[in-house]
Amino acid sequence: MASVPAYSISSDAIAQERERADKSGEDFDVAKVIQLDTLALAELGDTDVRFRVLAVSAEHNIDHASTADTVNIADVRGGKIYPGNSATGEVLEVGDGVTRFKAGDIVITHCNGGPDEYGYPLRIFGYDAEESTGWYSKEAVVDQWQLIQAPLDCGLNLWEIAALPLRAPTAYHLWRRALGIYRLKVSSEHKARLNVMSFGGGVGELFLMLAKAQGHNAFFCAGSAERRKSLEAHGIIGIDQKQFNRFASRDDVRAFSKHTRGLTGGEQFHVVCDMLRGPCFAAGLAVSSRQGVNVSAGWQLSQQVDYNSTLMSVKQVTIDHTHYETAEGAAAATELYGSVFKPTIHKEIYAWEDLPRAHAEMHHNSQTGIPIVRIADEMPDAVKAILPD
Ligand SMILES: NC(=O)c1ccc[n+]([C@@H]2O[C@H](COP(=O)([O-])OP(=O)(O)OC[C@H]3O[C@@H](n4cnc5c(N)ncnc54)[C@H](OP(=O)(O)O)[C@@H]3O)[C@@H](O)[C@H]2O)c1
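Values in this document were obtained by computation on a predicted structure and should not be read as measured data.

S.K.: Kindly report on the sheet that holds strand 14 (residues 318-321), identifying the contributing residues and their values.
M.R.: Sheet architecture is open: six strands sit in the order 11-10-9-12-13-14, paired in parallel fashion. One side of each edge strand has no neighbouring strand; the edge strands of this open sheet are strand 11 (237-240) and strand 14. For this sheet, the mean angle separating the axes of adjacent strands, direction not counted, is 20°. The pairing of strand 13 (residues 288-296) with strand 14 spans four bridges and is parallel.

S.K.: Describe the domain arrangement of the protein chain, listing the residues and the values that go with them.
M.R.: Its domain assignment divides the protein chain into domain 1 (3-163 + 343-384) and domain 2 (169-321). A straight line from the C-alpha centre of domain 1 to that of domain 2 covers 29 Å. Each partner contributes residues to the interface: domain 1 has eight residues there, and domain 2 has 11 residues.

S.K.: Lay out the pairing of strand 7 (residues 139-143) with the relevant residues and their values.
M.R.: Burial analysis of strand 7 places four of its five residues in the buried class, which makes it a mostly covered element. By the bridge criterion, five bridges tie strand 3 (residues 48-57) to strand 7 in an arrangement that is antiparallel. In the sheet register, Arg52 faces strand 7, and the bridge partner there is Glu139.

S.K.: Give a description of the packing of helix 3 (residues 60-67) against helix 13 (residues 355-363) that names residues and reports values.
M.R.: Running from amino to carboxyl end, helix 3 crosses helix 13 at an angle of 90°, the nearest separation of the two axes being 10 Å. Here helix 13 runs roughly perpendicular to helix 3, going by the angle between their axes. On the side of helix 3, the interface is formed by His60, Ile62, Asp63 and Ser66, while helix 13 contributes His359, Met362 and His363. When grouped by side-chain class, the residues that make up the contact of helix 3 with helix 13 number two nonpolar, four polar and one charged.

S.K.: Tell me about helix 12 (residues 327-334), and name the residues and values.
M.R.: Where helix 12 is concerned, the buried positions are Ala330, Ala333 and Thr334. Relative to the axis of helix 12, the buried residues are bounded by an arc of 105° and lie together on one face. Here the buried face of helix 12 lies against strand 6 (106-109), strand 8 (147-149) and helix 6 (167-185).

S.K.: Would you mind going over the environment of Ser3 in detail, with residue names and values included?
M.R.: For Ser3, the position within the fold is in strand 1 (residues 3-10). Overall, Ser3 belongs to the partly exposed group, with 13 C-beta atoms counted inside 10 Å. Remark: the alpha-carbon pair of Ser3 and Lys138, spanning 135 residues in sequence, is separated by 9.6 Å. Once you skip the residues sitting within four places of it in the chain, Ser3 turns out to touch Thr38, Leu39, Ala40 and Leu41.

S.K.: Now, about the site of the ligand: what can you tell me, with residues and values included?
M.R.: Looking at the ligand, there are 29 residues lining it, with Gly200, Gly201, Gly202, Gly298 and Gln300 nearest. Those elements that place two or more of their residues in the shell around the ligand are helix 3, helix 6 and helix 7 (202-213). Split by residue class, the shell around the ligand holds 11 nonpolar, 15 polar and three charged. Counting the residues that make up the shell around the ligand, at least three belong to each of domain 1 (3-163 + 343-384) and domain 2 (169-321).

S.K.: Can you explain the sheet that holds strand 2 (residues 34-40)? Please cite residues and give values.
M.R.: Reading across from one edge, 2-1-4 is the order of the three strands in this open sheet, with antiparallel pairing throughout. If you trace the sheet from one side to the other, it starts and ends with strand 2 and strand 4 (80-81), each paired once. Pairing geometry for strand 1 and strand 4, over two bridges, is antiparallel. Directly across from Ser10, in strand 4, lies its bridge partner Lys80.

S.K.: An account of the environment of Ser66 is needed here, citing residue identities and associated values.
M.R.: Relative to the helices and strands, Ser66 resides in helix 3. The spatial distance from the C-alpha of Ser66 to the C-alpha of Glu93 is 32 Å, given a sequence separation of 27 residues. In this structure Ser66 touches Ile9, Ile14, Val30, Val33, Ile34 and His359, once residues within four positions along its chain are discounted.

Quick notes on the rules
Residues numbered from 1 in each chain as written. Predicted model: local features only at pLDDT ≥ 70, side-chain atom pairs only at ≥ 80, totals over all residues. Pairing = 2+ DSSP bridges. Helix = DSSP H or I, 4+ residues; strand = E, 2+ residues; numbered from the N terminus. Axes fitted to C-alpha atoms, helices over the stretch in contact; angles between N-to-C directions. Domains from an automatic or database assignment. Contact = placed C-beta atoms within 7 Å. Buried ≥ 20, exposed ≤ 12 C-beta atoms within 10 Å, placed from the backbone. Parallel < 35°, antiparallel > 145°, perpendicular 65-115°, else oblique. Nonpolar A, V, L, I, M, F, W, Y, C, P; charged D, E, K, R; others polar. Arc of directions from axis to C-beta. Near = placed C-beta within 6 Å.

In structure tokens:
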């Protein structure tokens, strides 16, 4: 069984860093928790593919795994996980029963780690799916089920493609669910053009690109001026969340609501994508229109929410929870790379050895776009035409 360099997160490393950090947890350093390790690759099975990882994106659930702020997933998985839910790679070898891939193909992953009876994930690959090892490694072996051909001619460069395997299917599912729910209540005969708002983050940005591509009014409410500016280039209107103190008080939410009423001609938002919960949840509900829909696949700021059920009933607002796409939905989302999904990339492309720092900077919310880590030094000829200088 071959071994390759890979990053891991262990419950010991989390405990040690908790011990070192001050009581407030303010100086907790996720870069000390994500540690360079060695991964024993699984034997190549009949339907397995072995691939060389070329680039990955930094994902927020690595932050959750490192801080163990929601669930201590390393502990639950027996003391250690090999993280990484999103990768772009080059196929090196395939099992005898593999029909969809051959050596030399460039592939992306999806992280649906095992579907329920409707195709939606019960577990996430590389996170809570049993036995799964993620893709922050030099090589990986996965069942062909886990892979999609990379759309090399979609117009995006390699880093932009590497930004999307986890976030685009998440956004795609959120959008089709939100729109479907809204349309169950209000037909396009009554309302064609919706006001759609999302709070900050890579998923929220992609969600708004879907809305904008379908002719809706899209609004991005984020603290980062750089990210707002880059979305404005797509015709997506920015709202500075910090102008409303990130909704620290009721007065801030009231001021936000007044501002958005002005922006939307009094109508407010038919669809809101939250992703963060915490103070964003109350603010998102406050600016929902009648018949509105509030969707989220994230809980970065809080796992718990509460709301006035009477008020939401009277306004007929639907609060929906999603997790991740089906494998088919992930493939469908990939069809929209470049035509709809044009992600904003953080200005630094991190080197392999800087992967822990990429996550520390994500933890401190200092990045200006989706963070990408280059894993392979040598890139295959197949991607050279889309490799930025
Ligand atoms: N269920 C799933 O499959 C799935 C998939 C992807 C993501 N998620 C979850 O969804 C969440 C967002 O993911 P993402 O990939 O979009 O994240 P991301 O690209 O890392 O962005 C996170 C955003 O959160 C905002 N933020 C950070 N601290 C904040 C604060 N204190 N108050 C308000 N906003 C703050 C920042 O925007 P500004 O500073 O610009 O406001 C930042 O851009 C994460 O919790 C992630 O785990 C779930």
